[in-house]
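# Reading the structure
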Amino acid sequence: MLQLLAQQAEGELVEGLTAVGRGIVYGGAAIGPGIGIGLVVGNAITAMARQPEAAGMVRTTMFLGIAFTEALALFGFVLAFIISG
Amino acid sequence: MILGLEFPPISHVTEWPTWFGSGPFAVNKVVFLMWVSVALVFGFLYIGGRQQALVPRGVQNAAEVTVDFVQDSIILQTIGPDGLGFTPFLLTLFTFVFTCNIWEIVPGVQMPVNARIALPAFMAVLVWFIYHTVGIASQGPFRYFKSAVFPPGVPWYAMWLVAPIEFAQILIVRPLSLAVRLFANMIAGHLLLVSFAVITQALFEATIVGAALPFALLIALTAFEVLVAFLQAYIFTILAAVYIGGAMHPEH
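Because the structure is a prediction, the values reported are computed rather than measured.

## Some points on the overall build of chain B
When helices and strands are counted, chain B shows eight helices and zero strands. Based on the C-alpha atoms only, the size of chain B along its principal axes is roughly 70 × 55 × 40 Å. Considering only contacts in chain B between residues 6 or more positions apart, those separated by 24 or more positions represent 69%. As displayed, chain B has an accessible area near 13,700 Å², and 74% of this comes from carbon and sulfur atoms.

Take a look at the structure:
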């Protein structure tokens, strides 16, 4: 009986810790790209304000930069789903 | 009493029952939507390309705007004028990815085809084959891999660090990130919409007034997902163009 209870508690513990782990994985993976996308877009806006005639080229490069930076957060997002207890 | 919120498990919002067929040839809602997208893209471009009115109207107008967009803001910005031969491929890629994405917000359908990894993965592998083929064809196999793996301008003492990274990048990281970027964006948007729909429904049963805020957010997020669907199609195409351009013109 006691053993059964202990097993059940352990199962719940694993489940809870998995949920915490998922949160940490995605939250951790979002920090860097968050800062990175902020830098990319901020600097792109500075460039566009300084040289409006180059706005088209800057915008294309900005989206490329966003795409490369964002990929890391998305890997974290996918990993959070892959983790299972 | 705490309001219980029954949240559907992720398998319930992305997996669909098989209609007919079995194994790898099973046809369900997602596969059917993919076929519909193929038919829509083909019909759109075929009708738009067949009409040749001097003043474009209707479908022809929309098709010409799309071609102009792909040529001006994707190909000319990344590959240059000699990449215009890739217009058919990149145009098809862009329209197909966008059509597959936009199912996310079509009422009654609401399932982006790209929220299953199969289609993004296949398109990423296709792009992978194409840029390697272009690189080998335009530079020759030896020069292509040399310029891709050993980028010029890197000092020799940093090469042992740069070369493995570049090697892994052109072989694994590029197609993987291309597929995962599209897939994760679409599934994240889908889950977001599902979450707000579930919250709205649960609050609607409890208090009608309380449901107003999540419902307003649901509408706003639906509009946001239109932007995401377009942006992801754009980014997928532009990255394919960048990879093809990088294979055509080595850095020097």
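Next comes the rest of the write-up.
## Observations concerning the nonpolar core
Membership of the largest hydrophobic core comes to 67 residues, with the highest contact counts inside it found for Leu90, Leu93, Met123, Val127, Phe236 and Ile244 of chain B. Looking at this core, the elements with two or more residues in it are helix 1 (2-50) and helix 2 (55-82) of chain A together with helix 2 (29-50), helix 3 (58-78), helix 4 (87-102), helix 5 (118-139), helix 7 (156-206) and helix 8 (212-248) of chain B. Among the elements that line this core, the one with the most residues is helix 8 of chain B, at 13 residues. Those residues within four positions of Ile244 of chain B in sequence are excluded, and the remaining contacts are Ile79, Phe86, Phe89, Ile130, Tyr131 and Val134 of chain B.

## Observations concerning the environment of Ala71 of chain A
Residue and element names in this part refer to chain A. Tracing the chain through its elements places Ala71 in helix 2. Here Ala71 falls in the buried class, since its relative accessible area comes to 7%. With twelve residues separating them along the chain, Ala71 and Arg59 place their C-alpha atoms 18 Å apart.

## Regarding the packing of aromatic side chains
Overall, the coordinates contain 15 aromatic pairs over all chains when judged by the stated rule. Aromatic side chains Phe69 of chain B and Phe94 of chain B sit 5.4 Å apart centroid to centroid with 45° between the ring planes, which places their arrangement in the tilted category. Of this pair, Phe69 of chain B sits in helix 3 while Phe94 of chain B sits in helix 4, and the two are 25 residues apart along the sequence. Under the relative-accessibility criterion, Phe69 of chain B is labelled partly exposed at 25%. With relative accessibility at 6%, the residue Phe94 of chain B sits in the buried group. When the centroid spacing of 6.3 Å and the interplanar angle of 5° are considered together, the rings of Phe230 of chain B and Tyr234 of chain B count as stacked. Of this pair, Phe230 of chain B and Tyr234 of chain B both sit in helix 8, four residues apart, roughly one helical turn. Overall, Tyr234 of chain B belongs to the buried group, its relative accessible area being 6%. Among the aromatic side chains, those forming a connected cluster through ring pairs are Phe63 of chain A together with Phe69, Phe94, Phe98, Phe230 and Tyr234 of chain B. Stacked on the ring of Tyr131 of chain B, the Lys or Arg Arg174 of chain B has its end atom at 5.3 Å from the ring centre.

## Brief notes about the packing of helix 4 of chain B against helix 5 of chain B
Residue and element names in this part refer to chain B. Following both chains from N to C, one finds helix 4 and helix 5 inclined at 170°, their axes separated by 12 Å at the closest point. Put simply, helix 4 runs roughly antiparallel to helix 5. Residues Phe89, Leu93, Phe96, Val97 and Cys100 of helix 4 pack against Leu119, Met123, Leu126, Val127 and Ile130 of helix 5. The residue inventory of the contact of helix 4 with helix 5, partitioned by class, reads ten nonpolar, no polar and no charged.

## Some details on unusual backbone geometry
Here Gln110 of chain B, not a glycine, exhibits a phi torsion of approximately 45°, which is positive. Note on Gln110 of chain B: relative accessible area 42%, which makes it partly exposed.

## Points about helix 2 of chain B
Structurally, the α-helix is built with 3.6 residues per turn, so residues lying three or four positions apart point the same way. If you check helix 2 of chain B, its first and last C-alpha atoms are 31 Å apart, about what 22 residues at 1.5 Å a residue would give, namely 32 Å. Among the structural elements, helix 3 and helix 4 of chain B are those in contact with the buried residues of helix 2 of chain B.

## Here's the deal with the interface of chain A and chain B
Taken residue by residue, the interface counts 14 residues in chain A and 22 residues in chain B. Area buried by chain A at its contact with chain B is led by Thr60, Phe63 and Phe75 of chain A, which between them contribute 32% of it. Connecting chain A to chain B are zero salt bridges. Residue composition of the side of chain A that touches chain B, by class: eleven nonpolar, two polar and one charged.

## Quick notes on the environment of Ala44 of chain A
With respect to the helices and strands, the residue Ala44 of chain A is situated in helix 1. Those residues in contact with Ala44 of chain A, other than ones at most four positions away along the chain, are Val58 and Met62 of chain A.

## A few points about the packing of helix 1 of chain A against helix 2 of chain A
All names here are of chain A. The interhelical angle for the contact between helix 1 and helix 2, taken along N-to-C directions, is 175°, at an axis separation of 8 Å. Here helix 1 lies roughly antiparallel to helix 2, going by the angle between them. In terms of residue class, the contact of helix 1 with helix 2 is built from 21 nonpolar, four polar and three charged.

## Section: the confidence of the model for chain B
Counting all residues, the mean pLDDT for chain B is 88, and 97% of those residues have values of 70 or more. Scoring of the predicted complex yields 0.88 for pTM and 0.80 for ipTM.

## A few points about a nonpolar patch on the surface
Residue and element names in this part refer to chain B. On the surface, Phe167, Leu171, Ile172, Val173 and Leu176 cluster together into a nonpolar patch covering about 420 Å² of accessible area. Tracing the chain through its elements places Leu176 in helix 7. For Leu176, a relative accessible area of 45% translates into the label partly exposed.

Cut-off values and rules
- Residues numbered from 1 in each chain as written.
- Chains lettered and ligands numbered in written order.
- Predicted model: local features only at pLDDT ≥ 70, side-chain atom pairs only at ≥ 80, totals over all residues.
- Heavy atoms only, no water.
- Helix = DSSP H or I, 4+ residues; strand = E, 2+ residues; numbered from the N terminus.
- Contact = heavy atoms within 4.5 Å.
- Areas by Shrake-Rupley, 256 points an atom, 1.4 Å probe, with all protein chains shown as cover.
- Core = buried A, V, L, I, M, F, W, Y, C linked by side-chain atoms within 4.5 Å.
- Buried < 20%, exposed > 50% of the residue type's maximum accessible area, 1.4 Å probe, protein only.
- Phe/Tyr/Trp six-rings, centres within 6.5 Å; stacked < 30°, edge-to-face > 60°.
- Lys NZ or Arg CZ within 6 Å of the ring centre and 35° of its normal.
- Axes fitted to C-alpha atoms, helices over the stretch in contact; angles between N-to-C directions.
- Parallel < 35°, antiparallel > 145°, perpendicular 65-115°, else oblique.
- Nonpolar A, V, L, I, M, F, W, Y, C, P; charged D, E, K, R; others polar.
- Expected span 1.5 Å × (residues − 1).
- Buried area = accessible area lost by both parts, 1.4 Å probe.
- Salt bridge = Lys/Arg side-chain N within 4 Å of Asp/Glu carboxyl O.
- pLDDT = per-residue confidence, 0-100.
- Patch = residues over 30% accessible without salt bridge, like charges linked within 9 Å, V, L, I, M, F, W, Y side chains within 5 Å.

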